[in-house]
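Residue-level structural notes
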Amino acid sequence: MQSFALGIGTQNTQGNWLEIYYPAPLLNPDDALIEAAARVLDAPAGNAAISFLPEQCNELAEALKAAGHADQAELAEALATSRRPLVATFIREDAPPQSAPEVYLKLHLLSHRLVKPHGTDLTGMFGLLRNIAWSSEGPIDIEELPSRRLKARLEGRTLSVDCVDKFPKMTDYVVPAGVRIGDTARVRLGAYLGEGATVMHEGFVNFNAGAEGPGMIEGRISAGVMVGKGSDLGGGCSTMGTLSGGGNIVIKVGEGCLIGANAGIGIPLGDRCTVEAGLYLTAGAKVAVLDDQGQQAQVVAARELAGQDDLLLRRNSQNGRIECLTNKSAIALNDALHAHN
């Protein structure tokens, strides 16, 4: 994987990058574009984030136009009027990121649907991102917040802090086509939302996670989790992410699945699976597997059912045991709920 993008961002008073907005990131651009940009900006070989000045934008635009990329040339011309720091980020090899601009570019690639969760290396990203106050006056380094708040008050303004986090909300940077999001603060930059995905007000989608769409997300999609087409997550349900339990199990939900309200999974599901409302299925939970006559055939750890199709997982209301049987009912989406036009 290779990528290139021109961006505009925010730095703290020490010159450290807080965040970067890439209007038009590219995946696997041709060599002519990379060589043209690198020549003008004197970029080294390998992955690099190069700060540049507005005065360089016209020369950069001419080089990109000569390389046959009029759209990127137009963007470079627009950046010539910037009063904010500019950066060009080159990713020539999908290696662990070495700077905040590289991290932000990879998060943009995910939310632009150019790569899917687990499709790019984000190893070590947390150590490259600063804790930021996302405020009514933009991102502020948390260490500089007291002085910025005082300055605002002295000038007759009230500085409002919406959240303190390493990640911003996705919609301040990317709004993918064909999605609905009830509360934009609950979808982080780096989320992947396919066309037709609906995230209701109590739904949550973390970075490097997402849903193919169409689908209704009223629960939590944790970091690293991918939900397949036609699957619904009921209100308050949860998917155990790769940041939980040691981070070595990739949880995914197949196509046409339903995870009921307040349920949860700690194993990956295949296609057309149903998890009963209120049932949280951890990998080590003992599950009674029933035959076609409803009789217990065997008892297994839930992890042995990982990735299998057509399962109905429920808790027996009389004896409390977790049971698994073939899911014979199709999960049909409500077309009216999932319409986006």
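Residues numbered from 1 in each chain as written. Predicted model: local features only at pLDDT ≥ 70, side-chain atom pairs only at ≥ 80, totals over all residues. Heavy atoms only, no water.

**Comments concerning the packing of helix 2 (residues 57-66) against helix 3 (residues 70-79)**
Selection criterion: Axes, fitted as lines to C-alpha atoms, cover a helix only where it is in contact. Angles between the N-to-C directions of the axes lie from 0 to 180 degrees. Only DSSP runs of H or I covering at least 4 residues are called helices, and only runs of E covering at least 2 are called strands; the numbering of each starts at the N terminus. Should an angle fall under 35 degrees it is called roughly parallel, over 145 degrees roughly antiparallel, and 65 to 115 degrees roughly perpendicular, with every other angle called oblique. Should any heavy atoms of two residues lie within 4.5 Å, those residues are counted as being in contact. Nonpolar residues are Ala, Val, Leu, Ile, Met, Phe, Trp, Tyr, Cys and Pro. Charged residues are Asp, Glu, Lys and Arg, and all others, Gly as well, are polar.
Their axes nearest at 8 Å, the elements helix 2 and helix 3 cross at an angle of 175 degrees. With respect to helix 3, the axis of helix 2 lies roughly antiparallel. Along the contact surface, helix 2 presents C57, L60, A61, L64 and K65, while helix 3 presents Q72, A73, A76, E77 and L79. Here the contact of helix 2 with helix 3 is composed, by residue class, of seven nonpolar, one polar and two charged.

**Overview of the sheet that holds strand 23 (residues 280-281)**
The condition that has to hold: Strand pairing is assigned whenever DSSP identifies at least 2 bridges connecting the two strands.
Spatial strand order, 12-15-18-21-23: five strands in an open sheet with parallel pairing. Edge strands, defined here as strands with exactly one partner in the open sheet, are strand 12 (204-205) and strand 23. With two bridges joining them, strand 15 (residues 220-221) and strand 18 (residues 238-239) adopt parallel strand pairing. The residue bridging R220 from the neighbouring strand is S238, located in strand 18.

**Describing the nonpolar core**
Basically, it comes down to this: For our purposes a nonpolar core is just a set of buried Ala, Val, Leu, Ile, Met, Phe, Trp, Tyr and Cys residues, chained together by side-chain atoms within 4.5 Å. To sort residues, take the accessible area from a 1.4 Å probe on protein chains only and compare it with the maximum for the residue type: under 20% means buried, over 50% means exposed, and anything in between is partly exposed.
By size, the foremost hydrophobic cluster in this structure holds 65 residues, and its most contacted members are I221, I259 and L313. In terms of residue count, the dominant contributor to this core is helix 4 (residues 100-111) (seven residues). Ignoring sequence-local partners within four residues, the contact set of I259 consists of D232, L233, G234, C237, T239, V253, G264, I265, L269 and V275. Residues A36, V40, L75 and L79 belong to the second largest nonpolar core, which totals 26 residues.

**Details of the packing of aromatic side chains**
Given two aromatic rings, their pairing is described by the distance between the two centres and the angle made by the two planes. Put simply, the test is: Within 6.5 Å between ring centres, the rings of Phe, Tyr and Trp (the latter by its six-membered ring) count as paired, and their orientation is classed by plane angle as stacked under 30 degrees, edge-to-face over 60, tilted in between.
Summed over the entire model, instances satisfying the criterion amount to six aromatic pairs. Their ring planes at 55 degrees and their centres at 5.1 Å tell us that F4 and F90 sit as a pair that is tilted. Highlighted residues: F4 in strand 1 (residues 3-11) and F90 in strand 5 (residues 86-91), separated in sequence by 86 residues. The same class applies to F4 as to F90, namely buried. Considering the side-chain rings of Y104 and Y173, the 6.2 Å spacing of their centres and the 50 degrees angle between planes classify their relative orientation as tilted. Highlighted residues: Y104 in helix 4 and Y173 in the loop between strand 8 (161-165) and strand 9 (180-181), separated in sequence by 69 residues. Here the aromatic residues Y21, Y104 and Y173 are joined through ring pairs into a cluster of three or more.

**Some remarks on the sheet that holds strand 16 (residues 226-227)**
Hydrogen bonds between backbone atoms are what pair the strands of a sheet, whose relative direction is either parallel or antiparallel. The strand order across the open sheet built from four strands is 10-13-16-19, with neighbouring strands paired in parallel fashion. The open sheet has two free edges, formed respectively by strand 10 (191-193) and strand 19 (252-253), since each of these has just one partner strand. Across three bridges, strand 10 lies against strand 13 (residues 209-211) in parallel orientation. The partner of Y192 across the bridge, within strand 13, is G210.

**Side note on the environment of V299**
Note on placement: V299 falls in strand 25 (residues 296-301). Separated by 25 residues in the primary sequence, V299 and C324 place their C-alpha atoms 9.6 Å from one another. Contacts of V299, omitting those with residues within four sequence positions, involve K286, V287 and A288.

**Quick notes on the environment of P139**
Among the structural elements, P139 can be located in strand 7 (residues 138-141). Classification of P139 as buried rests on a relative accessible area of 15%. Considering only alpha carbons, one finds P139 and V275, 136 residues apart in sequence, at a separation of 40 Å. In this view, P139 contacts T10, L18, E19, I132, A133 and W134; residues no more than four positions away in its chain are not counted.

**Topic: the pairing of strand 6 (residues 132-135)**
The alternating pattern of strand 6 places I132 and W134 on one face and A133 and S135 on the opposite face, and all of these are buried. In terms of strand pairing, strand 6 meets strand 7 through four bridges, oriented antiparallel. Of the residues in strand 7, the one forming a bridge with W134 is P139. Linkage of strand 6 to strand 7, two consecutive antiparallel strands, is achieved through a turn of two residues. Relative to strand 8, strand 6 runs antiparallel, the two sharing four bridges. Bridge pairing in strand 8 places I132 opposite D165.

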